[in-house]
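# Structure assessment
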Amino acid sequence: MTEEYVVRCVLMLCCVLLSANASNWLYLAKLSSVGSIRDEETCERLRGLIQRQVQICKRSVEVMDAVRRGAQLAIDECQFQFRNRRWNCSTLESMPVFGKVVTQGTREAAFVYAISAASVAFAVTRACSSGELEKCGCDHNVHGTSPEGFQWSGCSDNIAYGVAFSQSFVDVRERSKGQSSSRALMNLHNNEAGRKAILSHMHVECKCHGVSGSCEVKTCWKAMPPFRKVGNIIKEKFDGATEVEQRKIGTTKVLVPRNSQFKPHTDEDLVYLDPSPDFCDYDPRTPGMLGTVGRQCNRTSKAIDGCELMCCGRGFQTQEVEVVDRCSCKFHWCCYVKCKQCHKTVEMHNCR
Amino acid sequence: MRRRCAPHVLPAPASGCSGIKLSATRSCDSWFFFFFPPPFEVESQEQSGGGGGGPTARVVSAGGCSLFSSTLSRSFVARRDFSLQPFPFAMAGAIIENMSTKKLVIVGVILLLFQAFAFMVGGLIAPSPTTAVHYLATKCVDTVKQRQETKWFMPWGPNQCDKIRTFDEAMAKKIEANNIVFAVHIPLPNKEMSSWFQFMLVILQFDIAFRMHNQIKDGALVTIDVSLAYRDDTISKWTEMAHSFEQRKLSCNFTTTKTSENEGRHYECDLLPFMEVGSVAHKYYLLNIRLPINERKNINVGIGEIKDIRLVSIHQNGGFTKVWFAMKTFLTPSILIIMIWYWRRITLMSRPPVLLEKVILALGISMTFINIPVEWFSIGFNWTWMLLFGDIRQGIFYSMLLSFWIIFCGEHLMGTRLFAAWSLERGQVKMCESGLPTITELVTELGSHLTNNLQDQTERNRLSVYWKQVGPIVFGSFCLFIFDMCERGVQLKNPFYSIWASEVGTELAMAFIIVAGICACLYFLFLCFMVFQVFRNISGKRTSLPAMSKARRLHYEGLIFRFKFLMLVTLTCAAMTVIFFIISQVNGGHWHWGEHTVQVNSAFFTGIYGMWNLYVFAIMFLYAPSHKRYGDEQSSGQCITGDAGANSGEDNQLTTTITHVDGPTEIYKMIGKEAQE
């Protein structure tokens, strides 16, 4: 039994080391069986983490629940943003969560890296605000010189901690490999772009509380955008992503746009190295490449969700389906919906 | 008898007026006092005809009066003392006039140093004034149906509640909305609140997701069942502090189109004022919030799909409080001492104090009232009314300051008008030949004007004359006081109360604020009108300038220049103040300057506060009666010694040196005698 275990471990290790997919930690989202990550031993058992990430896990166990929620958030948001595309961010139950789709340096990979780095920063920040973490804010860059810290000058924003954690946890893989490979550069860039999507869209809110509530005294703070908005921003960046190649300038290697006509990308833009496949057909050699057969499409649309594009010219079949829909519902703000059932027939188009 | 000038009838250079005009410039007024009367000298060297090096005429007329005879010097130097007396009549012989330029410069520099110190204390030592802390409410499940004692739900730590992450989870577990309790523990783990935080206010924000079929209805009200508890150590039981049902209006808008594509996006909702406590006497606070649903009463129906409740708590930073207290503790005795000193000087005079002197004292008192660091008690005692008390103190000071400006301005304005009328009427300006113990008809004439003036003075030396101007101030601040009582006064009883939450309350609050605003507008109209009148006087004089004798023209030009200069300085100060205010509002709150972090907001608060104190200090110091004025009458003999001849040739030599000028008291006596005779 132990032999088998060792073999499996070695296999897994090989698998981890060989694949260039640094987003394996997203597999955390699938580990519902583990329950809450409470002690250091659990860290060892988590699949998908590289050794350095396990160390981080051990060092800050309390954050790992938030990281897992972040992974889940990233996958959900990816699936929402790509719901109408040929590749709809479908996940597998096995180890590379997105199969091999994101192993190449495609746009989709860029998106996945960006959204996952952002989601960790987001989830950790939220966990800070809800009091789950003890290390937030006050540990890092307290802007008062006094040792009294919180009492003297308060703590810094939680987002600083969230972003710092995301940097250390998500980027660690690329960093450990060194900055040499172009793929590592691309991943690091996209991770940072994802975090920037939060940071540069924090909105400032202010409250006046001077004499009689006048603005003589005003306190402002930065509030995190909802994650849906972050997803939308990164999706926009995905649509305008820049194809880059690695070039050596001096001793450092940098990514520059492949087409020199294009203006150079900014810190907030996504970059990719390889053009994406068309995602039209199922490819058994590429896990996660499910193809568009059977996907629902929009007959009237000319965009990517339209049947023309979605079905890659294979055509589609239409069938009339009777759908039981909810109608004239009564909602409460939470947890209660009372609806009538309405039956209606709709035309459904599915790709051949 | 000597010939005397009548200092009090001369136009004030309106040092007050122009300083006052700009309400936003409060801060600059103290600067203004550094600049304006003292250190500035008008030197107009005039070379006429052939004779180059004529004797320099040094006109030092502290009384503010210089009636020039038509004789004139070739070169004419007006020292700063030449400036016309800012206080007509009453304040003649104030320290500001009798002090040498050097001393005044020293005083100015010392005050400026203190000012810079005040800024630096805030910018370099103190942290930012306030801190905002984010909280995300934890969703607890209240499983027990009916219980006797209230249970408190802890979001984390030992004895934490049964949590759910999302409401989808609740849906699956069939948990009802009424069983969900949002729990927030203030502060975050491993921290403690402290009474140094002075106050705490909490803002509520709902994260509401858009759903096609579950949208927020127009004018939706959310009813919140909230309770607040405290404890002072981590193990003891929670003690209830307040419990209330509150209603808040949800004003949310959805920025994108309301299509099913955009489901799941969040509404953008306004911040809701939630709680305000005037003292932070306990270490730990716990908020339990429920959003009960009652369909029959239409409570909490149609408020959309709430995803989360976020709170932001704002408190003053302990470090800032300490710096602030230190400043207050230091400033209180300084202002108190100068105030006592000032009033002693007033009472030492033979005449009763005039209105302006009383107003200055009142200003000093209100400043001391603000300064007294009663907040020290809030460290030891749980005085929730401290916030309200602070508001009242500030309000009193502001209205006192505004009244002071208007009265100061008014007194000067009348002086200006009188002077203008008088001097024009005379058609000729005569040099005061003091030191000559002869009575001329000039003095007789002068005397009659002075007696008129005296009558006028007694008439306007009453507060009731200013009812038109002071009325709006009093009424406006009274409105704001009522408003403040309605908001912060009620919050003493119920920390969750907000006047803005109800329709009637909002209208009432708006009414108070609008009335106060109208009063403020009225006030500034009056003030502007007064300044306008001063300017009109100036332009009136200007038209008659060419017809005047050279000396007189120079005198007027100097006067006008001084007033304009003052306006310029004041406006510059105002602009600086406004800019600084804007910087502190717009800027993120701190600047990095090398390795140092400069807290702009704190610097603004301490700097402005220090400035006010220095302003009041400077007024009381500089406008206290000079001791040269009372007491030794004999020594204050000479007014102007000069060889001002009777010749009326414009280019004749004039050497006028005023060795000393005493206050008007003597003049009145003279006039009195004159009248008797």
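Residues numbered from 1 in each chain as written. Chains lettered and ligands numbered in written order. Predicted model: local features only at pLDDT ≥ 70, side-chain atom pairs only at ≥ 80, totals over all residues. Heavy atoms only, no water.

Cut-off, in case you're wondering: UniProt positions are given in the numbering used here, feature names are shortened, and annotations may be inferred rather than shown by experiment.
Looking at an unreviewed UniProt entry, chain B carries the name Wnt ligand secretion mediator, with the source organism given as Anabas testudineus. For the record of chain B, the UniProt heading Sequence similarities (unreviewed entry) holds the text "Belongs to the wntless family." Regarding chain B, the UniProt comment filed under Subcellular location (unreviewed entry) reads as follows: "Golgi apparatus membrane".

An unreviewed UniProt entry lists chain A under the name Protein Wnt, from Anabas testudineus. UniProt, in the comment section headed Function (unreviewed entry), describes chain A in these words: "Ligand for members of the frizzled family of seven transmembrane receptors."

### Topic: the overall build of chain A
Filter applied, for reference: Numbering goes from the N terminus for both helices and strands, where a helix is a DSSP run of H or I of at least four residues and a strand is a run of E of at least two. Throughout this description, buried means an accessible area under 20% of the type-specific maximum (1.4 Å probe, protein chains only), exposed means over 50%, and partly exposed covers the range between. Per-residue and other accessible areas follow the Shrake-Rupley method at a 1.4 Å probe size, with only the shown protein chains counted as cover for residues.
Assigned secondary structure in chain A consists of eleven helices and seven strands. Buried residues in chain A amount to 49% of all 352 residues. Split by element, the accessible area of chain A, about 16,900 Å² in all, is 51% carbon and sulfur.

### With respect to the overall build of chain B
The test is simple: Residues count as neighbours in contact if any of their non-hydrogen atoms are within 4.5 Å of one another.
The helix and strand inventory of chain B stands at 15 helices and 19 strands. When each of the 677 residues of chain B is scored for burial, the buried share is 58%. Relative to all contacts within chain B whose residues are 6 or more apart in sequence, the contacts with residues 24 or more apart total 79%. When the accessible surface of chain B is split by element, carbon and sulfur atoms take 62% of a total near 28,100 Å².

### A word on the pattern of salt bridges
So the rule is basically this: Basic side-chain nitrogens of Lys or Arg form a salt bridge, by our definition, when they fall within 4 Å of a carboxyl oxygen of Asp or Glu.
Per the stated rule, a full pass over the model turns up 30 salt bridges over all chains. With its nearest N and O atoms 3.3 Å apart, the salt bridge here joins A:D325 to A:K344. Here A:D325, found in strand β6 (residues 316-331), pairs with A:K344, found in strand β7 (residues 337-351); they are 19 residues apart in sequence, far enough to count as distant. One salt bridge in this structure joins B:K307 and B:E305, with 3.1 Å as the shortest N-O distance.

### A closer look at the domain arrangement of chain B
Think of interface size as the accessible area that goes away when the parts come together; that is how it is often given. All names here are of chain B. Note the threshold: Annotation comment: domain bounds sourced from an automatic or database domain assignment. Throughout, the accessible surface (probe 1.4 Å) given up by two parts as they are put together, summed over both, is called the buried area. A 3.5 Å cut-off defines polar contacts: any pair of N or O atoms within that distance qualifies, except that in protein one atom must be a possible hydrogen donor and the other a possible acceptor, and neighbouring residues in sequence count only when both atoms are side-chain atoms.
The assigned domain composition of chain B is domain 1 (95-128 + 320-415 + 466-623) and domain 2 (131-316). The partner domain 2 presents 23 residues to the 22 residues of domain 1 that form the contact. Summed over both partners, the interface of domain 1 with domain 2 comes to about 2,000 Å²; 59% of that surface belongs to carbon and sulfur atoms. The closest approach of N and O atoms between R488 and E276, which form a salt bridge, is 2.9 Å. For the interface between domain 1 and domain 2, the tally reads ten residue pairs in polar contact (both at pLDDT 80 or more).

### Observations regarding the confidence of the model for chain A
To keep it simple, the criterion reads: Residue-level confidence of the predictor is summarised by pLDDT, bounded by 0 at the bottom and 100 at the top.
Overall, the predicted model of chain A reaches an average pLDDT of 81, with 87% of residues at or above 70. With pLDDT under 50 throughout, residues 9-20 of chain A is counted as low confidence; its partners more than four residues away or in other chains account for ten contacts.

### Structural notes on the state of the cysteines
Residue and element names in this part refer to chain B. Quick reminder of the rule: A pair of cysteine sulfur atoms is labelled a disulfide when the two atoms are within 2.5 Å.
What the rule picks out here adds up to eleven disulfides over all chains. With a sulfur-sulfur separation of 2.0 Å, C252 is cross-linked through a disulfide to C269. A torsion of 105° about the S-S bond marks the disulfide between C252 and C269 as right-handed. Of this pair, C252 sits in strand β11 (residues 252-253) while C269 sits in strand β12 (residues 268-269); the two residues are 17 residues apart in sequence, bridging distant segments of the chain. Cysteine C519 remains unbridged, with the sulfur of C479 as its closest cysteine sulfur at 5.8 Å. Considering cysteine sulfurs only, C519 is the nearest to C521, which forms no disulfide, with 9.2 Å between them.

### Here we look at the packing of aromatic side chains
Under the convention used in this document: Within 6.5 Å between ring centres, the rings of Phe, Tyr and Trp (the latter by its six-membered ring) count as paired, and their orientation is classed by plane angle as stacked under 30 degrees, edge-to-face over 60, tilted in between. Ring-over charges, as used throughout, are those where CZ of Arg or NZ of Lys falls within 6 Å of the ring centre and within 35 degrees of the ring normal.
On inspection of all chains with the given rule, the structure shows 38 aromatic pairs over all chains. On the basis of an interplanar angle of 80° and a centroid distance of 5.6 Å, the ring pair of A:W333 and B:F167 is categorised as edge-to-face. Here B:F167 lies in helix α5 (residues 167-173) and A:W333 lies in the loop between β6 and β7, a pairing that spans two chains. Looking at A:W333, the relative accessible area reads 1%, which means it is buried. Plain terms: the ring middles of A:W333 and B:F182 are 5.8 Å apart, the flat faces sit at 35° to each other, and that makes the pair tilted. Taken together, the residues A:W333 in the loop between β6 and β7 and B:F182 in strand β7 (residues 180-186) connect one chain to another. Assigned by exposure class, A:W333 and B:F182 land together as buried. Through a chain of ring-to-ring contacts, three or more aromatic side chains come together here, namely A:F82, A:W87, A:F98, A:F111, A:F238 and A:F279. Over the ring of A:F238 we find A:R107, and its NZ or CZ is 5.9 Å from the ring centre. Over the ring of A:F82 we find A:K235; its NZ or CZ atom is 5.9 Å from the centre of that ring.

### Describing helix α4 (residues 61-81) of chain A
For clarity, the threshold we go by: Under the convention used throughout, the expected extent of a helix is 1.5 Å for every residue step, that is, one less than its residue count.
Taking 1.5 Å as the rise per residue, α4(A) with 21 residues should run 30 Å; its terminal C-alpha atoms sit 31 Å apart, in good agreement. In terms of burial, α4(A) is largely enclosed, as 15 of its 21 residues are buried.

### A few points about the domain arrangement of chain A
Residues and elements named next belong to chain A. As a reminder, the rule being used: Basically, the charged four are Asp, Glu, Lys and Arg, the nonpolar ten are Ala, Val, Leu, Ile, Met, Phe, Trp, Tyr, Cys and Pro, and anything else, Gly included, counts as polar.
Annotation of chain A at the domain level lists domain 1 (21-133 + 160-193 + 226-291) and domain 2 (292-351). A C-alpha centroid distance of 30 Å is found between domain 1 and domain 2. Residue-level contacts link ten residues of domain 1 with nine residues of domain 2. Together domain 1 and domain 2 conceal approximately 750 Å² of surface at their shared face, both sides included; 49% is due to carbon and sulfur atoms. The largest share of the area that domain 1 buries against domain 2 comes from N84, R86 and C280, three residues that together contribute 61% of it. Joining domain 1 to domain 2, the criterion identifies one salt bridge. Notably, a salt bridge pairs R314 with D281, separated by 3.3 Å at the nearest N-O pair. Summed over the shared surface of domain 1 and domain 2, the result is seven residue pairs in polar contact (both at pLDDT 80 or more). Looking at side-chain class alone, the side of domain 1 that touches domain 2 contains three nonpolar, three polar and four charged residues.

### A short note on the interface of chain A and chain B
In this complex, chain A contributes 51 residues to the contact, which on the side of chain B involves 69 residues. Where chain A abuts chain B, roughly 5,100 Å² becomes buried across the two surfaces, and 56% of that area is made up of carbon and sulfur atoms. Contact with chain B buries surface across chain A, with A:F150, A:W152 and A:W333 losing the most and accounting together for 18% of the total. At the boundary of chain A and chain B, one finds four salt bridges. Residue B:R165 pairs with A:E132 through a salt bridge whose shortest N-O separation is 3.1 Å. Run the count over chain A and chain B and you get 17 residue pairs in polar contact (both at pLDDT 80 or more). If you list the elements that add at least two residues to the side of chain A that touches chain B, you get α4, α5 (107-129), α6 (150-153), β1 (203-208), β2 (218-223), α10 (227-239) and β6 of chain A. In terms of residue count, β2(A) provides more of the side of chain A that touches chain B than any other element does, five residues in total. Considering only residue class, the side of chain A that touches chain B consists of 21 nonpolar, 16 polar and 14 charged.

### Considerations on the nonpolar core
All names here are of chain A. This is how the line gets drawn: Throughout this description, the term nonpolar core refers to a set of buried Ala, Val, Leu, Ile, Met, Phe, Trp, Tyr and Cys residues connected via side-chain atoms within 4.5 Å.
Formed by 74 residues in total, the largest nonpolar core has its most connected members in W25, L49, V67, W87, F169, I198 and I234. Those elements that place two or more of their residues in this core are α3 (51-59), α4, α5, α7 (158-170), α9 (182-199), α10 and β5 (271-272). Per-element tally for this core: the top contributor is α5, with 15 residues. Not counting residues within four places of it along the chain, the set of residues in contact with I198 comprises A118, A121, F122, I159, M224, P225 and V230.

### Things to note about a nonpolar patch on the surface
Residue and element names in this part refer to chain B. So the rule is basically this: Like charges are joined within 9 Å and nonpolar side chains (Val, Leu, Ile, Met, Phe, Trp, Tyr) within 5 Å, but only among residues with over 30% relative accessible area and no salt bridge; these make up the patches.
Where nonpolar side chains cluster on the molecular surface, the patch consists of L480, W500, M510, I513, I514, I518, L522 and L525 and spans about 690 Å² of accessible area. In terms of residues, the nonpolar patch owes the most to one element, helix α12 (residues 503-544), which gives six residues. Considering the arrangement of structural elements, one finds I518 in helix α12.

### So, empty space enclosed by the protein
Inclusion rule: Throughout, the protein atoms alone are placed on a 1 Å grid, and a set of points is a cavity if a 1.4 Å probe fits but cannot get out or a pocket if it is open with protein on both sides within 12 Å along at least five of seven lines; lining residues have an atom within 4 Å of a point. Grid points are joined across faces, edges and corners, and a volume is the space filled by probe spheres set on the points.
Taken as a whole and judged by the stated rule, the model has ten cavities of 30 Å³ or more. Volume-wise, the largest cavity comes out at about 130 Å³. Considering the residues around the largest cavity, the lining is formed by 15 residues, among which A:C155, A:S156, A:N158, B:V133 and B:L188 are closest to the centre. The element that contributes the greatest number of residues to the lining of the largest cavity is strand β4 (residues 130-136) of chain B, accounting for five residues. Looking at the lining of the largest cavity, its residues break down into nine nonpolar, four polar and two charged.

### Structural notes on the environment of A:C57
Residues and elements named next belong to chain A. Mapping C57 onto the fold places it in helix α3. Residue C57 is classed as buried on the basis of its relative accessible area, which comes to 0%. Taking the C-alpha atoms as reference points, C57 and T252, 195 residues apart in sequence, are found 31 Å from one another. Apart from residues no more than four positions distant in its own chain, C57 is found in contact with C43, L46, L49 and M64.

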